[in-house]
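Inside the fold
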Amino acid sequence: MGEPSKEEYKIQCFDAETQQLLKTALKDPGAVDLEKVANVIVDHSLQDSVFSKEAGRMCYAIIQAESKQAGQSVFRRGLLNRLQQEYQTREQLRARSLQGWVCYVTFICNIFDYLRVNNMPMMALVNPVYDCLFRLAQPDSLSKEEEVDCLVLQLHRVGEQLEKMNGQRMDELFVLIRDGFLLPAGLSSLAQLLLLEIIEFRAAGWKTTPAAHQDY
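Residue numbering note: each chain is counted from 1, following its sequence as written. A pLDDT threshold of at least 70 governs which residues receive local features in this predicted model, and a stricter bar of 80 or more applies before side-chain atom pairs are shown or counted, although totals over entire chains, interfaces and linings include all residues. To get the side-chain values, all heavy atoms of the structure are used, and hydrogens and water are removed first.

Re the packing of aromatic side chains
Under the convention used in this document: In summary, the pairing rule links any two rings of Phe, Tyr or Trp, Trp by its six-membered ring, whose centres are within 6.5 Å, and it sorts them by plane angle into stacked for under 30 degrees, edge-to-face for over 60 and tilted for everything else. By the criteria applied, helices consist of DSSP H or I runs no shorter than four residues and strands consist of E runs no shorter than two, each listed in order from the N terminus. Exposed residues in this analysis have more than 50% of their type's maximum accessible area, buried residues have under 20%, and partly exposed residues fall in between, with area computed by a 1.4 Å probe over protein chains only.
Using the criterion set out here, one finds four aromatic pairs in the structure. Judged by centre distance (5.3 Å) and plane angle (85 degrees), the ring pair of Phe 14 and Phe 51 falls under edge-to-face. Taken together, the positions of Phe 14 in the loop between helix H1 (2-10) and helix H2 (16-27) and Phe 51 in helix H4 (residues 49-70) put the pair 37 residues apart, joining distant regions of the chain. On the accessibility criterion, Phe 14 (9% relative accessible area) is buried. Ring geometry for Phe 174 versus Trp 206: centroids 6.0 Å apart, planes at 80 degrees, classification edge-to-face. Within this pair, whereas Phe 174 is found in helix H11 (residues 167-181), its partner Trp 206 is found in the loop between helix H12 (189-203) and helix H13 (210-215), the two being separated by 32 residues in sequence. Residue Phe 174 is classed as buried on the basis of its relative accessible area of 0%.

Here's what the structure looks like:
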């Protein structure tokens, strides 16, 4: 009983016509234009920070429904193509809208978290996700709390999976994070606290220790 109401809840932010489109995609994917559905979900994810955190589950459900119904992956292909387009223009997106950029990183990490091929994360998303996180660990991003917050949240969510897929890049990312933490200027006290917390979180094997739980 619980799942459908969650799906219903997540599409309340759309107009009636789009809600109907998404409901149909979830129940009868062959009856709708799935590329259009992929574009609608990405467009909304870039504007709505709450939806960008939840959209992965909806995408996973549509992919499963399409695979079961027709053995095809039109929706997944459309979704990945659109993610790639946004990825290629990510610097322009960041310059145009910091919120849009943070939503994009949240969304691509959410998709990485949910989408599976043979029960493994999608290799095609590993480097794009890393590249986004590396961008968030640059000094000009670390001076902005929204970007630090996004970096830490995504590492909490997918850091352990990413490290299993490519441990060397995670080591390099944490060199940047440590360097950023040691920057004498430009970091707010909250940003410093968040970076220290994620450094300790990874050092503890991607777990929050009881002591750290009390500290933060």
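Focus: the domain arrangement of the protein
As a reminder of what qualifies: Those domain boundaries reflect an automatic or database domain assignment. By the convention used here, residues are in contact when the closest approach between their heavy atoms is within 4.5 Å. Summed over both partners, buried area is the accessible surface (1.4 Å probe) that two parts give up on being assembled. For this analysis, a salt bridge means a side-chain nitrogen from Lys or Arg found within 4 Å of a carboxyl oxygen belonging to Asp or Glu. The definition of a polar contact used here is a pair of N or O atoms within 3.5 Å, where within protein one atom must be able to donate a hydrogen and the other to accept one, and adjacent residues in sequence count solely through side-chain atom pairs. Side-chain classes follow a simple rule in which Ala, Val, Leu, Ile, Met, Phe, Trp, Tyr, Cys and Pro form the nonpolar group, Asp, Glu, Lys and Arg form the charged group, and the remainder, Gly included, forms the polar group.
Here the protein is described as being made up of domain 1 (8-117) and domain 2 (129-206). The straight-line distance from the C-alpha centre of domain 1 to that of domain 2 is 25 Å. Of the residues lining the interface, 18 residues belong to domain 1; the matching set on domain 2 comes to 18 residues. Of the roughly 1,600 Å² buried at the junction of domain 1 and domain 2 (both faces included), carbon and sulfur atoms supply 62%. Between domain 1 and domain 2 we count four salt bridges in total. Residues Arg 157 and Asp 113 are paired through a salt bridge, measuring 2.9 Å at the closest nitrogen-oxygen approach. Linking domain 1 to domain 2 there are 10 residue pairs in polar contact (both at pLDDT 80 or more). Those elements giving two or more residues to the side of domain 1 that touches domain 2 turn out to be helix H6 (90-96) and helix H7 (98-114). Take the side of domain 1 that touches domain 2: its biggest share by element is 12 residues, from H7. Residue composition of the side of domain 1 that touches domain 2, grouped by class: 10 nonpolar, two polar and six charged.

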